[in-house]
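Each chain is listed here by its residues.
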Amino acid sequence: MKNFFRIVWKWFKRLALAFFALSIFSVILFRFVPVPVTPLMLFRCIDQKMAGETMKLDKTWVSFDKISPNLPFAIFCSEDQDFFKHHGFNWEGIKAAWKHDEKSKRIVGASTISQQTAKNTFLSTRRSWIRKGFEAYFTVLIELCWSKKRIMEVYLNIVEFGKGIYGAEAASEFYFHKHAKDITREEAAALAAILPDPLKWSPSRPGPFVQSRIQWIIGQMSDYGGKLDFDNPPK
């Protein structure tokens, strides 16, 4: 029996070491090269196939300078206005969400852009405490190895904007028939507005609730003024 546990422990250590080595290598690699595909994209394709639908995976990686400044600004205002202040985690937001979830059946998230990028790049969307633990681990890694600008660039290129639609370029072409570098402030706000539920909401045909979110985001953009300056970020 002791030999059995020794063997199990030996293999566990090897697997753990391999995981840490591969994860660190991947994070360093994606600091410099585009993310080709993510677990979320693959899981969505499997879900489509199992539902008897045609598999769709529409994504085109574009560099940060080929995305309209309106979009990262809208997402900053909508998703994480403390993006430049934290190191991956918004602890006050987490506490507030925890208190809310204890009293309400409707779960409210408190994930930062960094956490969402870590989850979307390396993990699935399946909810579990184990996944949240890995999400925290990858969040720490990308905050250590990537710049804030790189985190935003990766996020903009892999985030889900609809069924089979990933990233700013694919979303801009699908919904507005233009390149990501050409979208307006209103169109950027519309894309940011659907991120909480991109499989249900549409930026080109927004219902009353999404329209109200769009107007709120535009208002936040006006309050901050201008665009995101990664060398002199908003305080």
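Everything numeric in this text was worked out from a predicted model, so none of it was measured.

J.: Tell me what's going on with the overall build of the protein chain, and back it up with residues and numbers.
T.: When its secondary structure is counted, the protein chain shows 10 helices and three strands. Shown N-terminal to C-terminal, the secondary structure of the protein chain runs as helices and strands in the order α-α-β-α-α-α-α-α-β-β-α-α-α. Residue pairs in contact within the protein chain that sit at least 24 positions apart in sequence constitute 70% of those at least 6 positions apart. On the protein chain, roughly 13600 Å² of surface is accessible, and the fraction owed to carbon and sulfur atoms is 61%.

J.: Can you explain the packing of aromatic side chains? Please cite residues and give values.
T.: Per the stated rule, a full pass over the model turns up 16 aromatic pairs. Aromatic side chains Phe20 and Tyr137 sit 5.6 Å apart centroid to centroid with 70° between the ring planes, which places their arrangement in the edge-to-face category. Linking Phe20 in helix H1 (residues 2-29) with Tyr137 in helix H6 (residues 129-145), this pair joins segments that are 117 residues apart in sequence. Three or more aromatic residues link up through ring pairs in this structure, and these residues are Phe19, Phe20, Phe30, Phe122, Phe134, Tyr137 and Phe138. In this structure, Arg14 packs its charged tip against the face of Trp11, placed 5.0 Å from the ring centre. It is Lys148 that lies over the ring of Phe83; its NZ or CZ is 4.6 Å from the centre.

J.: An account of the pattern of salt bridges is requested, with residue identities and associated values reported.
T.: Under the defined criterion, the tally for this structure stands at 10 salt bridges. The closest approach of N and O atoms between Lys132 and Glu135, which form a salt bridge, is 3.3 Å. Of this pair, Lys132 and Glu135 both sit in helix H6, separated by three residues, roughly a single helical turn.

J.: Can you lay out the layout of surface pockets for me, pointing to particular residues and giving the numbers?
T.: As a volume, the second largest pocket reaches approximately 180 Å³. Considering the residues around the second largest pocket, the lining is formed by 13 residues, among which Ile165, Phe174, Tyr175, Ser202 and Arg205 are closest to the centre.

J.: So, a nonpolar patch on the surface: which residues are in play, and what are the values?
T.: A surface patch of nonpolar side chains, about 390 Å² in accessible area, is lined by Phe20, Ile24, Ile28 and Phe32. Among the structural elements, Ile24 can be located in helix H1.

J.: Break down unusual backbone geometry for me, citing the residues and quoting the values.
T.: Here His177, not a glycine, exhibits a phi torsion of approximately 60°, which is positive. Here His177 lies in the loop between helix H8 (168-176) and helix H9 (185-193).

J.: Tell me about the sheet that holds strand E2 (residues 160-162), and please be specific about residues and values.
T.: Strand order in the open sheet formed by three strands is E1-E3-E2, with mixed pairing between adjacent strands. Edge positions in the sheet fall to strand E1 (58-59) and E2, since each has one partner strand and no second. Here E1 runs beside strand E3 (residues 165-166); their pairing, made up of two bridges, is parallel. Among the inter-strand pairings, Asp58 is bridged to a residue of E3, identified as Ile165.

J.: Any chance you could break down the packing of helix H3 (residues 70-79) against helix H7 (residues 148-158) for me, citing the residues and the numbers?
T.: When two helices pack together, you describe them by how their axes are tilted relative to each other and by the distance separating the axes. The interhelical angle for the contact between H3 and H7, taken along N-to-C directions, is 95°, at an axis separation of 11 Å. One element, H3, and the other, H7, form an angle in the roughly perpendicular class. On H7, the residues that touch Leu71, Pro72, Ile75 and Glu79 of H3 are Met152, Tyr155 and Leu156. When the residues that make up the contact of H3 with H7 are grouped by side-chain class, the tally is six nonpolar, no polar and one charged.

J.: If you had to explain the nonpolar core to someone new, which residues and values would you point to?
T.: Counting 57 residues, the largest nonpolar core has Leu71, Ile75, Phe138, Phe161 and Leu191 as its most contacted members. Discounting residues that sit within four places of it in the chain, Ile75 has contacts with Asp80, Ile113, Tyr155, Leu156, Ala192 and Leu195.

Criteria and thresholds
Residues numbered from 1 in each chain as written. Predicted model: local features only at pLDDT ≥ 70, side-chain atom pairs only at ≥ 80, totals over all residues. Heavy atoms only, no water. Helix = DSSP H or I, 4+ residues; strand = E, 2+ residues; numbered from the N terminus. Contact = heavy atoms within 4.5 Å. Areas by Shrake-Rupley, 256 points an atom, 1.4 Å probe, with all protein chains shown as cover. Phe/Tyr/Trp six-rings, centres within 6.5 Å; stacked < 30°, edge-to-face > 60°. Lys NZ or Arg CZ within 6 Å of the ring centre and 35° of its normal. Salt bridge = Lys/Arg side-chain N within 4 Å of Asp/Glu carboxyl O. 1 Å grid on protein atoms, 1.4 Å probe; cavity = no way out; pocket = protein on both sides within 12 Å on 5 of 7 lines; lining within 4 Å. Points joined across faces, edges and corners; volume = space filled by probe spheres on them. Patch = residues over 30% accessible without salt bridge, like charges linked within 9 Å, V, L, I, M, F, W, Y side chains within 5 Å. Pairing = 2+ DSSP bridges. Axes fitted to C-alpha atoms, helices over the stretch in contact; angles between N-to-C directions. Parallel < 35°, antiparallel > 145°, perpendicular 65-115°, else oblique. Nonpolar A, V, L, I, M, F, W, Y, C, P; charged D, E, K, R; others polar. Core = buried A, V, L, I, M, F, W, Y, C linked by side-chain atoms within 4.5 Å. Buried < 20%, exposed > 50% of the residue type's maximum accessible area, 1.4 Å probe, protein only.

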